[in-house]
Amino acid sequence: MEKVKISYNLNGRDYESYIDPRLSLTDLLRGDEHKHTSVKKGCEVGECGACTVIIDGETYNSCIYLAIWADGKHIRTLEGLTNPDGTLTDLQQAFVDEAAIQCGFCTPGFLMSSVALLEQNRRFSDDEIRKLLSGNMCRCTGYENIIRAVRKTMENRLDGKKEE
């Protein structure tokens with residue numbers, strides 16, 4: 001099959017790639033060109049959320065999103081989440097502080113879904129947070145710690161507080 005040229009922005013940098021039009025976005029991001037291994041290959045059918053990325057401000061399961069659809073889009077992965085100086089963001093630190101990381105396989109997807117949630121700049125109840133993160137599955141059942149980490153970050157940001 002003939003390769004197709006796409007142009008996209010990944011974590012703030014512009015790229016052009018020649019791809020097989022059948023290639024998933026997960027495979028493009030994890031492949032030799034980018035090596036973004038935070039984008040996990042879990043179920044590969046859009047059920048587990050391990051491959052969650054943010055495209056133009058919305059979360060998507062990159063395993064069922066064709067790379068060709070990313071033409072002209074802005075894509076964010078966990079690799080682009082850290083602060084400019086390389087330190088963890090407040091959300092990442094909250095995941096550490098609240099022990100919201102167990103085996104770690106689901107963590108990148110949960111973080112990206114949480115980023116999209118927090119960027120709405122509004123206060124959510126725990127039930128609303130659960131619903132908004134329901135596209136992500138944790139095999140270790142660390143959900144309560146994840147909810148706590150997201151709530152802590154949300155409250156600190158909305159109240160204008162810094163991490164303690």
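Before reading on, note that the structure itself is shown above.
Residue positions are given per chain, counting from 1 as you read along its sequence in written order. Local features in this predicted model are restricted to residues of pLDDT 70 or higher, and side-chain atom pairs are both shown and tallied only at a pLDDT of 80 or more, whereas totals for entire chains, interfaces and linings draw on every residue. Each side-chain value is worked out from all heavy atoms of the structure, with water and hydrogens disregarded.

**Topic: the layout of surface pockets**
Here is the rule: A cavity here means a set of points on a 1 Å grid, drawn over the protein atoms and nothing else, where a 1.4 Å probe fits but cannot get out; a pocket is an open set with protein on both sides within 12 Å along at least five of seven lines, and a residue lines either one if it has an atom within 4 Å of a point. Grid points are joined across faces, edges and corners, and a volume is the space filled by probe spheres set on the points.
When its volume is computed, the largest pocket comes out at roughly 160 Å³. As for the largest pocket, its lining consists of 17 residues, of which Phe105, Cys106, Met137, Cys138 and Arg139 are closest to the centre.

**Examining the packing of helix α2 (residues 90-97) against helix α3 (residues 107-118)**
To be explicit about the condition: Axes here mean lines fitted to C-alpha atoms, for a helix over just the part in contact, with angles spanning 0 to 180 degrees between N-to-C directions. Going along the chain from the N terminus, every DSSP run of H or I of four or more residues is numbered as a helix, and every run of E of two or more is numbered as a strand. Roughly parallel covers angles under 35 degrees, roughly antiparallel covers those over 145, roughly perpendicular covers 65 to 115, and oblique covers all other angles. When the near helix sits turned anticlockwise from the far one by under a right angle, the crossing is termed left-handed; a clockwise turn instead gives a right-handed crossing. Throughout, a residue-residue contact means that at least one pair of heavy atoms, one from each residue, lies within 4.5 Å. Classification convention: Asp, Glu, Lys, Arg as charged; Ala, Val, Leu, Ile, Met, Phe, Trp, Tyr, Cys, Pro as nonpolar; all other residues, Gly among them, as polar.
The interhelical angle for the contact between α2 and α3, taken along N-to-C directions, is 130°, at an axis separation of 10 Å. Relative to α3, α2 is oriented oblique. Here α2 runs over α3; the crossing is right-handed. Packed against α2, whose contacting residues are Leu91, Gln92 and Phe95, the element α3 presents Thr107, Phe110, Leu111, Ser114, Val115 and Leu118 at the interface. Its residues placed into classes, the contact of α2 with α3 shows six nonpolar, three polar and no charged.

**Examining the nonpolar core**
As a reminder, the rule being used: The set of buried Ala, Val, Leu, Ile, Met, Phe, Trp, Tyr and Cys residues whose side-chain atoms join them within 4.5 Å is what this entry labels a nonpolar core. Partly exposed describes any residue whose relative accessible area lies between the buried limit of under 20% and the exposed limit of over 50%, with all areas from a 1.4 Å probe on protein chains only and scaled to the type maximum.
By size, the foremost hydrophobic cluster in this structure holds 24 residues, and its most contacted members are Leu91, Phe95, Phe110, Leu117, Ile129, Leu133 and Val150. Elements that contribute at least two residues to this core include exactly α2, α3 and α5 (143-158). For this core, the element with the highest residue contribution is α3, accounting for seven residues. For isoleucine 129, the residues in contact, after removing those within four places along its chain, are Leu117, Phe124, Ile147, Val150, Arg151 and Met154. Of all hydrophobic cores here, the second largest spans 17 residues; its members include Ile6, Leu28, Cys63 and Tyr65.

**Details of the side chain of threonine 77**
Applied cut-off: Polar contacts here mean pairs of N or O atoms no more than 3.5 Å apart (in protein, one a potential hydrogen donor and the other a potential acceptor; neighbouring residues in sequence count only if both atoms are side-chain atoms).
Tracing the sequence through the fold places threonine 77 in the loop between β5 (74-76) and α2. Owing to a relative accessible area of 1%, threonine 77 belongs among the buried residues under this scheme. A polar contact of 2.9 Å, which involves the side chain of threonine 77, links it to the side chain of asparagine 11. A polar contact of 2.9 Å, which involves the side chain of threonine 77, links it to the side chain of glutamate 79.

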